[in-house]
Amino acid sequence: ELGDAAPPAVVINGGCAMGLPRPVQWPQNAVTFLLIGGQDNFRGSKSPEEYIADAKSRVPEGNRTTAILYVSEMPHMPQSSLLRVALPHMLRACMIWKGAAPMRSKDASGEMQALVESLDKAGNWSGRLLLTGSRGTWQETAFGQSDMRKKPRLSLAAVGGA
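Examining the pairing of strand 5 (residues 138-143)
And step 1. The buried count for strand 5 comes to 5 of 6 residues, which makes it a mostly enclosed element.
And step 2. The pairing of strand 4 (residues 127-132) with strand 5 spans 6 bridges and is antiparallel. Across the sheet, leucine 129 pairs through a bridge with threonine 141, a residue of strand 5.
And step 3. Hairpin geometry of strand 4 and strand 5 is characterised by an intervening segment of 5 residues between the two adjacent antiparallel strands and by a positive phi of about 30° at arginine 135.

Next comes the structure, spelled out in C-alpha cells:
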C-alpha cells in the first residue's frame with residue numbers, strides 16, 4: 001500500500017520474489033535487497049540458475065534499486081557468521097539507494113564492491129551478487145570458490161546512487 005514510499009528492505013529468503021498464491025505488489029522504485037540461499041528448501045528442485053532466474057523475474061522491469069545476494073552455502077535461516085559479514089553492507093547499500101542522510105552523496109557501487117570483497121575475504125561463502133541495471137538488465141558478479149565463478153565477473157562501477 002505504500003508504493004514507492006515503502007522503506008528500504010532487506011528480505012531474507014526472498015519471499016517477495018517467490019511464486020506465491022497471491023502476487024506480491026512490488027513498487028517500481030522499491031529499494032529491495034534479497035538474500036537467498038542455495039541450500040534453502042524454498043529453492044525446491046530448481047537448479048541454482050533456475051532459482052536465481054525465477055527471483056529475478058519477479059522484480060518489476062525497469063526497477064533500478066534491487067539486488068539479489070545468492071549464497072550457495074546458506075540454508076533457510078542464514079548463519080550468523082554470514083549475516084555478520086553481509087548485513088552491514090546490505091543495509092548501507094539500501095540507505096544509499098534510498099538517498100537516506102547521511103548517504104545521499106555516496107554511490108552504491110562502492111558498498112556493493114565492499115560486500116563482494118568481504119565475502120571473498122571471509123572465505124566461507126560463494127555465490128553471486130546481482131543488481132538491477134538500466135531497463136530490464138542485470139549486472140552480476142561472482143564471489144568465493146564455486147561453479148558460479150564460471151560466470152563472467154561484471155563490473156559494479158555502473159551501479160548508481162539514488
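Having seen it, we continue.
A closer look at helix 2 (residues 80-98)
Count 3.6 residues to each turn of an α-helix, and residues three or four apart come out pointing the same way.
And step 1. The first and last C-alpha atoms of helix 2 sit 26 Å apart over 19 residues, in line with the 27 Å expected at 1.5 Å per residue.
And step 2. The principal kink in helix 2, of about 40°, is found at alanine 86, preceding the proline proline 88 by one to four residues.
And step 3. Taken residue by residue, helix 2 has Leu82, Val85, Ala86, His89, Met90, Ala93, Cys94, Ile96 and Trp97 as its buried positions.
And step 4. On its buried side, helix 2 packs onto strand 1 (9-12), strand 2 (32-37), strand 3 (66-71), helix 3 (108-122) and strand 4.
And step 5. A positive phi of about 80° marks glycine 99, the residue just after helix 2.

Topic: the sheet that holds strand 1
And step 1. Strand order in the open sheet formed by 5 strands is 1-2-3-4-5, and the pairing between neighbours is mixed. Each end of this open sheet is capped by a strand with a single partner; those strands are strand 1 and strand 5. For this sheet, the mean angle separating the axes of adjacent strands, direction not counted, is 15°.
And step 2. Running at roughly 155° to strand 2, helix 2 makes contact with strand 1, strand 2, strand 3 and strand 4 of the sheet.
And step 3. Strand contacts of helix 3: strand 2, strand 3, strand 4 and strand 5, with the helix running at about 25° to strand 5, the strand carrying the most contacts.

Looking at the pattern of salt bridges
And step 1. In this structure the tally under the stated criterion is 5 salt bridges.
And step 2. Between lysine 46 and aspartate 54 there is a salt bridge whose closest N-O contact spans 3.7 Å.
And step 3. What makes aspartate 54 buried here is its relative accessible area of 19%.
And step 4. Residues glutamate 140 and arginine 128 are paired through a salt bridge, measuring 2.8 Å at the closest nitrogen-oxygen approach.

Some remarks on the pairing of strand 3
And step 1. The buried fraction of strand 3 amounts to 6 of the 6 residues, a majority that puts the element mostly inside the structure.
And step 2. Burial along strand 3 is two-sided: the face carrying Thr66, Ile68 and Tyr70 and the face carrying Ala67, Leu69 and Val71 are both buried.
And step 3. Strand direction decides the pairing type here: strand 2 and strand 3, joined by 6 bridges, are parallel. Bridge pairing links phenylalanine 33 to alanine 67 in strand 3.
And step 4. Between strand 2 and its parallel partner strand 3, the chain crosses via helix 1 (residues 48-57), and the hand of that crossover is right-handed.
And step 5. As paired elements, strand 3 and strand 4 share 5 bridges and run antiparallel to each other. Considered in strand 4, the bridge of tyrosine 70 is made with arginine 128.

Notes on the side chain of threonine 66
And step 1. Counting through the fold element by element, threonine 66 comes out in strand 3.
And step 2. On the accessibility criterion, threonine 66 (0% relative accessible area) is buried.
And step 3. A polar contact is formed between the side chain of threonine 66 and the side chain of asparagine 63, at a distance of 2.8 Å.
And step 4. Ignoring sequence-local partners within four residues, the contact set of threonine 66 consists of Trp26, Ala30, Thr32, Val59, Trp97, Leu130, Leu131, Thr132 and Trp138.

Rules behind the numbers
The residue numbers shown here count from 1 along each chain, following its written sequence. In keeping with the predicted nature of the model, local features appear solely for residues at pLDDT of at least 70, side-chain atom pairs appear and are counted solely at 80 or more, and the whole-chain, interface and lining totals rest on all residues. Side-chain measures were taken over the full set of non-hydrogen atoms in the model, leaving aside hydrogen atoms and water. Only protein chains enter the accessibility calculation, which uses a 1.4 Å probe; a residue whose area is less than 20% of its type maximum is buried, one above 50% is exposed, and one in between is partly exposed. We count a stretch as a helix when DSSP gives it H or I for four or more residues in a row; a strand needs E for two or more, and each element gets its number in order from the N terminus. When DSSP finds two or more bridges between two strands, those strands count as paired. Given the number of residues in a helix, its expected span is that number minus one, multiplied by 1.5 Å. Working definition for bend: take the seven residues up to and ending at a residue and the seven starting at it, fit an axis to each, and measure the angle between the axes. Here, residues are in contact when the closest pair of their heavy atoms is within 4.5 Å. Every axis corresponds to a line fitted to the C-alpha atoms, with the helix fit spanning only the stretch in contact, and the corresponding angles, defined between N-to-C directions, vary from 0 to 180 degrees. We count a salt bridge whenever a side-chain nitrogen from Lys or Arg sits within 4 Å of a carboxyl oxygen from Asp or Glu. If the strands point away from the viewer and the path from the first strand over the helix to the second runs clockwise, then the crossover is right-handed. Contacts described as polar in this section are N or O atom pairs within 3.5 Å, which, within protein, must combine one atom able to donate a hydrogen with one able to accept it, while residues neighboring in sequence count only if both atoms come from side chains.

These results come straight from atomic positions and should not be treated as a statement about function.
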